[in-house]
Amino acid sequence: MKVYGPIVVLVVLVCAFYTYVGHLVPQKTQHPPREVSANASPAELARFGAEIFAGSCKQCHGLPGQGGTERAPDVGDVAARASTRANERAKSLGEDFSADDYLAESLFKPGAYLVERSSGSKYGNIMSFKLEPTQMLAVLAYLQSLG
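Residues numbered from 1 in each chain as written. Predicted model: local features only at pLDDT ≥ 70, side-chain atom pairs only at ≥ 80, totals over all residues. Heavy atoms only, no water.

*Asks:* Is there a simple way to explain the overall build of the chain in this structure?
*Replies:* Of the regular secondary structure elements, the chain holds five helices and zero strands. What you see in the chain, going N to C, is helices and strands ordered as α-α-α-α-α. If you take every contact in the chain between residues at least 6 apart in sequence, the share linking residues at least 24 apart comes to 47%. (Helix = DSSP H or I, 4+ residues; strand = E, 2+ residues; numbered from the N terminus. Contact = heavy atoms within 4.5 Å.)

Here you go:
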């Protein structure tokens, strides 16, 4: 019975120490994406999409035009690439498929088009969060505005 007292004290002290150290480490603040109005203009949607991208997508994709990261490809010229990929998809399907369709499907089904890295392996489908449909449309408008 005498052994349990020092063990409990040790556990409490170790937990207190790690809690203290954890509070010393600076924490990255990430605010939730802003709500988007259904009556927003395309320019407003793109602006909201840029805010949402900065708060939720930039962690993996990096800043547009900066080359992407190990987790996700660069989205700097995604609108131009979407046009080429949509044409390829249209030929394979035998029906119309626009760049907007490609971008929308890429957002709503992130695993549909896994892009190859420079090493030849494909990026994984890591989109670990879900945005509201209006937020997805805002991000889509932002991606369209990039190219």
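So that's the structure; there's more coming.
*Asks:* Any chance you could explain the nonpolar core here in plain terms?
*Replies:* The biggest cluster of nonpolar side chains holds 22 residues, and the ones touching the most others in it are Tyr102, Leu103, Leu107, Val139 and Leu143. Of all elements in the fold, only helix 2 (42–61), helix 3 (78–93), helix 4 (99–108) and helix 5 (133–145) reach the threshold of two or more residues within this core. When sequence neighbours within four positions are dropped, the list of residues in contact with leucine 103 reads Val78, Ala82, Leu140 and Gln144. (Core = buried A, V, L, I, M, F, W, Y, C linked by side-chain atoms within 4.5 Å. Buried < 20%, exposed > 50% of the residue type's maximum accessible area, 1.4 Å probe, protein only.)

*Asks:* How do you make sense of the packing of helix 3 against helix 4 when you look at a structure like this?
*Replies:* Packed helix pairs are specified by the crossing angle of their axes together with the interaxial distance, meaning the distance between the axes. Between helix 3 and helix 4, the shortest axis-to-axis distance is 7 Å and the interhelical angle comes to 100 degrees. By the angle between their directions, the pair helix 3 and helix 4 is classed as roughly perpendicular. On helix 4, the residues that touch Val78, Ala82, Ser83, Arg85, Ala86 and Arg89 of helix 3 are Ala99, Tyr102, Leu103 and Glu105. Across the contact of helix 3 with helix 4, the residue classes tally to six nonpolar, one polar and three charged. (Axes fitted to C-alpha atoms, helices over the stretch in contact; angles between N-to-C directions. Parallel < 35°, antiparallel > 145°, perpendicular 65-115°, else oblique. Nonpolar A, V, L, I, M, F, W, Y, C, P; charged D, E, K, R; others polar.)

*Asks:* Is there a simple way to explain the pattern of salt bridges in this structure?
*Replies:* Working definition: two side chains of opposite charge can pair if their charged atoms are close together. Taken as a whole, this structure holds three salt bridges when the rule is applied. Note that aspartate 77 is salt-bridged to arginine 81, the shortest N-O span being 2.9 Å. Classification of aspartate 77 as partly exposed rests on a relative accessible area of 40%. Residue class for arginine 81 comes out partly exposed when judged on its relative accessible area of 21%. Of the charged contacts in the structure, one is a salt bridge between glutamate 105 and lysine 109, with a shortest N-O distance of 4.0 Å. When salt bridges that share partners are traced, they join Arg89, Glu105 and Lys109 into one network. (Salt bridge = Lys/Arg side-chain N within 4 Å of Asp/Glu carboxyl O.)

*Asks:* Is there a simple way to explain helix 3 in this structure?
*Replies:* Because the α-helix completes a turn every 3.6 residues, residues three or four places apart line up on one side. Over its 16 residues, helix 3 runs 21 Å from end to end, which matches the ideal 22 Å to within 8%, given 1.5 Å per residue. For helix 3, the complete set of buried residues consists of Val78, Ala79, Ala82, Ala86 and Ala90. The arc that holds the buried residues of helix 3, viewed along the axis, is 110 degrees, so those residues lie on one side. Away from its buried face by more than 90 degrees, helix 3 exposes Lys91 and Ser92. Buried positions along helix 3 lie against helix 4 and helix 5. Following helix 3 by one or two positions, glycine 94 has its phi on the positive side, about 75 degrees. (Expected span 1.5 Å × (residues − 1). Arc of directions from axis to C-beta.)

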